[in-house]
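Chain residues, written in single-letter form:
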Amino acid sequence: MEKGEYFALDEKSAAEYACAKGFFCSHGANVRCKEIGDGNMNYIYRISDGEKSVILKQAGLSTRLSSERSISRKRNRREAAALEAENEILPGCAPKVYLYDETMDCMFMEDLKDYTVLRKALIEEDRIFPDFAEQISSFLAETWVRTSDVGKDHIQKKYQVKRFTNPELCEISERLVFDEAMFNLSGKNSVEPENELFVKTNIYQNETLHQEAGKLKYRYMTEAQALLHGDLHTGSIFVNELGMKIFDSEFAFYGPMGYDIGNLIAHLLLARENARQNQKPAGVIWAENTVSKIPELFVVKGMDHEQVQKDAFEKILNKWYYMGILEDTAGYAGLELIRRVVGSAKAEDIVSLGQGKRAEAERRILEMGIDLVLNRNKFREPGAFKNMFVRSGS
Ligand code: ADP
Ligand code: MG
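Residues numbered from 1 in each chain as written. Chains lettered and ligands numbered in written order. Predicted model: local features only at pLDDT ≥ 70, side-chain atom pairs only at ≥ 80, totals over all residues. Heavy atoms only, no water.

Caption draft 1: Just the pairing of strand β2 (residues 42-48), in detail. Counting buried positions along β2 gives 5 out of 7 residues, so the element sits mostly inside the fold. When β2 meets strand β3 (residues 53-59), the two strands line up antiparallel, connected through 7 bridges. By the bridge assignment for β3, Arg46 is matched with Ile55. Where β2 hands over to β3, the hairpin turn is made up of 4 residues, of which Gly50 adopts a positive phi near 95°. (Buried < 20%, exposed > 50% of the residue type's maximum accessible area, 1.4 Å probe, protein only. Helix = DSSP H or I, 4+ residues; strand = E, 2+ residues; numbered from the N terminus. Pairing = 2+ DSSP bridges.)

Encoded structure:
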């Protein structure tokens, strides 16, 4: 089957297409295909011959989230490039990309069927992952070392910035993480009725908060520090007892390093709140330890790395770099917490709680989020994240 033009695959045509591309060609008759996507933007097919399997991800005609805006299907190419870049940053940390198809805006990649999405493993299966902070901090530190101006040839880095410029997907984050969360421009935000007045007073009418969120938005738009995943939450990470894999990298762009770290920390705080409300102390302790360890390990692994170019400026600025990154981390974590409560893309960790618990959890997360944004300059040392739990209690 050779077509010269894009068409949207379905389970039947995806199986045929995989065979046409040379996957399972000797087993054509036994090939099975199932759409397994739970995302908003794309279609994910698992194609298998009973022994081997691959994943086919195709960018849809419009995003599932919003058909008002069309987002170029070329996002699939950027995602394939980002997955490959992530595998270079830390080998094996993302699914292998087998083939990207320009015409069909799709890619074949490694089937991570032995892994579970971290969010699900935490909140549905009550599992914990003692090595996760070590694993993810290696990825974050290597990202800093290998993609920022500190570790990478400055000319090459600028070409990479150009290659990963991602206007449409960044616009989604600019709108949802910053604008909508602060101003409810589209009127689509919601919280439990008990929290409506709190949100109006402390978020929609809070000019100090708007100012700080605006500064963070501007940094997000202009501070091309390192190649970011761009959407690094617990739903973009696969885990099992042996390790972790990062996936769904279509939001990748060069931005402030603290945006990725902050996103991750926000979602670990959401998982912590879920565990707390459901009285699962092991989950609470794991989340707190992980949040505490990630900034510490990032600084140790990223700043002392032997590959970081120690030129005259970089030696002197080492501490200044990480202090800025950690301050950003706190600020972006705060904004992510707020938007995952008030905004349209709500955190499953909170939505899945029963009604009474949900309102309380929303309030606690919002208070934490506002504090992180407004007081982010108190998080310039790695140990500050640990203190957060001492201050707020659990
Ligand atoms: P979207 O970009 O639409 O959000 P995702 O990349 O998040 O899509 O994928 C949606 C779901 O498909 C994931 O949550 C996961 O369950 C499954 N999936 C995606 N990639 C793989 C993979 N390489 N191996 C196994 N399952 C995958
Ligand atoms: Mg996605």
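Caption draft 2: Fine view of the nonpolar core. The biggest cluster of nonpolar side chains holds 99 residues, and the ones touching the most others in it are Phe132, Ile136, Leu140, Ile237, Phe298 and Ile338. It is helix α11 (residues 312-342) that provides the largest number of residues to this core, a total of 13 residues. Among the domains, domain 1 (11-110) and domain 2 (116-391) are the pair contributing at least three residues each to this core. With near-sequence residues (within four places) excluded, Ile237 lies in contact with Thr116, Val117, Leu118, Phe132, Ile136, Leu232, Met244, Lys245, Ile246, Phe247 and Leu264. Residues Ala14, Phe23, Ile47 and Val54 belong to the second largest nonpolar core, which totals 16 residues. (Core = buried A, V, L, I, M, F, W, Y, C linked by side-chain atoms within 4.5 Å. Domains from an automatic or database assignment. Contact = heavy atoms within 4.5 Å.)

Caption draft 3: Layout of the domain arrangement of the protein chain. Under the domain assignment, the protein chain is made up of domain 1 (11-110) and domain 2 (116-391). For the pairing of domain 1 and domain 2, the buried interface totals around 2,000 Å² over both sides, and the portion due to carbon and sulfur atoms is 62%. In terms of surface lost to domain 2, no three residues of domain 1 exceed Arg78, Glu86 and Ile89, which account for 30% of the buried area on that side. Linking Arg75 and Glu250 is a salt bridge whose minimum nitrogen-to-oxygen distance equals 3.5 Å. For the pair domain 1 and domain 2, the interface holds 9 residue pairs in polar contact (both at pLDDT 80 or more). By residue class, the composition of the side of domain 1 that touches domain 2 is 12 nonpolar, 3 polar and 9 charged. (Buried area = accessible area lost by both parts, 1.4 Å probe. Salt bridge = Lys/Arg side-chain N within 4 Å of Asp/Glu carboxyl O. Polar contact = N/O pair within 3.5 Å; in protein donor to acceptor, adjacent residues only side chain to side chain. Nonpolar A, V, L, I, M, F, W, Y, C, P; charged D, E, K, R; others polar.)

Caption draft 4: Focus on the site of ligand 1. Surveying the vicinity of ligand 1 reveals 19 residues, the closest of which are Asn42, Lys57, Glu110, Asp248 and Glu250. Taking Asn42, its side chain carries an N or O atom lying 2.8 Å from an oxygen atom of ligand 1. Secondary-structure elements contributing two or more residues to the shell around ligand 1 are β2, β3 and β5 (106-110). For the shell around ligand 1, the element with the highest residue contribution is β2, accounting for 3 residues. Taken together, the residues of the shell around ligand 1 break down into 9 nonpolar, 3 polar and 7 charged. Counting contributing residues per domain, the shell around ligand 1 is built from domain 1 (11-110) and domain 2 (116-391), each supplying no fewer than three. (Near = heavy atom within 4 Å.)

Caption draft 5: Fine view of the state of the cysteines. Here the structure, examined in full by the defined rule, presents 0 disulfides. Here Cys33 is not cross-linked by a disulfide; its sulfur's nearest cysteine counterpart is in Cys19, at 10.0 Å. (Disulfide = S-S within 2.5 Å.)

Caption draft 6: A look at the sheet that holds strand β8 (residues 237-239). The sheet built from 3 strands is open, its strands ordered β6-β8-β9 with antiparallel pairing. Where the open sheet ends on each side, the last strands, each with one partner, are β6 (116-117) and β9 (244-246). Of the pairings in the sheet, the one linking β8 to β9 comprises 3 bridges and is antiparallel in character. Among the inter-strand pairings, Ile237 is bridged to a residue of β9, identified as Ile246.

Caption draft 7: Structural detail: the pattern of salt bridges. Counted by the stated rule, this structure contains 37 salt bridges. Here Lys52 ties to Asp49 by a salt bridge, and the two come within 3.5 Å at their closest N and O atoms. With a relative accessible area of 45%, Lys52 lands in the partly exposed category. Residue classification places Asp49 among the buried residues on the basis of a relative accessible area of 12%. Between Glu125 and Lys120 there is a salt bridge, with its nearest N and O atoms 3.9 Å apart. Accessibility expressed as a relative area gives 32% for Glu125, which makes it partly exposed.

Caption draft 8: Up close: helix α13 (residues 355-374). The first and last C-alpha atoms of α13 sit 29 Å apart over 20 residues, in line with the 28 Å expected at 1.5 Å per residue. Buried within α13 we find Arg358, Ala359, Ala361, Glu362, Arg364, Ile365, Leu366, Met368, Gly369, Ile370, Leu372 and Val373. (Expected span 1.5 Å × (residues − 1).)

Caption draft 9: Structural detail: the side chain of Glu110. Here Glu110 shows up in strand β5. In this structure Glu110 is buried but unpaired, with Lys96 as the nearest side chain of opposite charge at 4.4 Å. (Lys, Arg positive; Asp, Glu negative; His and termini not counted.)

Caption draft 10: Layout of the packing of aromatic side chains. Enumeration according to the criterion identifies 13 aromatic pairs in this entry. With a centroid separation of 6.2 Å and an interplanar angle of 45°, the aromatic rings of Phe132 and Trp286 are classed as tilted. Of this pair, Phe132 sits in helix α4 (residues 132-147) while Trp286 sits in helix α10 (residues 281-303), placing them 154 residues apart in sequence. On the accessibility criterion, Phe132 (0% relative accessible area) is buried. Members of the aromatic cluster, each reached through a chain of ring pairs, are Phe178, Tyr220, Phe253, Tyr259 and Tyr332. Just above the ring of Tyr6 sits the side chain of Arg73; from NZ or CZ to the centre is 3.5 Å. (Phe/Tyr/Trp six-rings, centres within 6.5 Å; stacked < 30°, edge-to-face > 60°. Lys NZ or Arg CZ within 6 Å of the ring centre and 35° of its normal.)

Caption draft 11: Representation of unusual backbone geometry. Even without being a glycine, Asp105 presents a positive backbone phi close to 50°. Phi angles above zero are rare outside glycine, and Asn184 is one such case at about 50°. Tracing the sequence through the fold places Asn184 in the loop between α6 (167-183) and α7 (196-204).

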